[in-house]
Amino acid sequence: IARLTVFRATTAAEDKPMMRSQAFVAFIVLAMLGGTPANAADRPLRLSIDGRPVSRDTAVGKMRGNVAYADLVVLVRVFGGLVSIRGTGMTATIGSHSARFHTNETKAKIDGINMTMPSAAFKEDGDLYVPLAFFVKNVVPGTTLRIDRANGRASLHAPPQPSPSP
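Residues numbered from 1 in each chain as written. Predicted model: local features only at pLDDT ≥ 70, side-chain atom pairs only at ≥ 80, totals over all residues. Heavy atoms only, no water.

Bringing the overall build of the chain into the picture now. When you go through the chain residue by residue, the secondary structure sums to three helices and 13 strands. Out of the 166 residues belonging to the chain, those deemed buried represent 31%. Taking as baseline every contact in the chain between residues at least 6 positions apart, the subset at least 24 positions apart corresponds to 41%. Here the chain has roughly 11,000 Å² of accessible surface; of this, 58% comes from carbon and sulfur atoms. (Helix = DSSP H or I, 4+ residues; strand = E, 2+ residues; numbered from the N terminus. Buried < 20%, exposed > 50% of the residue type's maximum accessible area, 1.4 Å probe, protein only. Contact = heavy atoms within 4.5 Å. Areas by Shrake-Rupley, 256 points an atom, 1.4 Å probe, with all protein chains shown as cover.)

Below you can see the structure in the form of structure tokens.
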């Protein structure tokens, strides 16, 4: 018994629903993995503190539009804090300040107070990125932040730490 398979040519109009469904499936898979696709407009952001680069090899932040973002874990490490992860959120504790951020939300809880960020935190490759200026102003007050958007650089200057009493 011979089997004959006939393929029919499709028109562009018939292909559009198939392409839409494939794009939708790809979006759902990415959402289930807990990340978002890299934004084509993202530019790397290099971060330094007191003149020293935080990382020599890679950028630890991103410029998304006109907003500078930084990896929350890197920020907490730089300022000697702790990070805890629960569900879709991360809590950063630095000194006496605590901040809770959630993926794709513009709300953050800073020292128990709900605050609105200028843009939503986002997750990429498992890292949670938060708006840098918001973080510095509310979690590490007294720290000076300068952002050079044109060159993709941000510099932090931490206030002097009090000396321990003898």
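So, about the sheet that holds strand E6 (residues 89–94). Here we have five strands laid out as an open sheet, ordered E5-E6-E7-E8-E9, and antiparallel in their pairing. Of all strands in the sheet, those bounded by a partner on one side alone are strand E5 (82–86) and strand E9 (113–116). When the angles between neighbouring strand axes are averaged without regard to direction, this sheet yields 25°. By the bridge criterion, three bridges tie strand E7 (residues 97–102) to strand E8 (residues 107–110) in an arrangement that is antiparallel. (Pairing = 2+ DSSP bridges. Axes fitted to C-alpha atoms, helices over the stretch in contact; angles between N-to-C directions.)

Nonpolar side chains collect at one region of the surface, where Val73, Val83 and Ile85 lie side by side and expose about 250 Å² of accessible area between them. Along the chain, isoleucine 85 turns up in strand E5. (Patch = residues over 30% accessible without salt bridge, like charges linked within 9 Å, V, L, I, M, F, W, Y side chains within 5 Å. Salt bridge = Lys/Arg side-chain N within 4 Å of Asp/Glu carboxyl O.)

Further remarks concern the pattern of salt bridges. The final tally for this structure, using the stated rule, is three salt bridges. Aspartate 42 is the salt-bridge partner of arginine 64, the closest N and O atoms lying 2.8 Å from each other. With arginine 64 in strand E3 (residues 61–64) and aspartate 42 in the loop between helix H1 (12–32) and strand E1 (43–49), this residue pair connects regions lying 22 residues apart in the sequence. Salt-bridge contacts for glutamate 124 lead to arginine 64; the nearest nitrogen and oxygen are separated by 3.8 Å. Here glutamate 124 is found in strand E10 (residues 122–124), whereas its partner arginine 64 is found in strand E3, with 60 residues between them in sequence. Bridged by salt links that share partners, the residues Asp42, Lys62, Arg64 and Glu124 form one connected network.

The next thing to look at is unusual backbone geometry. The backbone of aspartate 111 shows a phi angle near 50°, a positive value even though the residue is not glycine. The phi torsion at aspartate 125 lies on the positive side, around 55°, for a residue other than glycine. Relative to the elements of secondary structure, aspartate 125 occurs in the loop between E10 and strand E11 (127–131).

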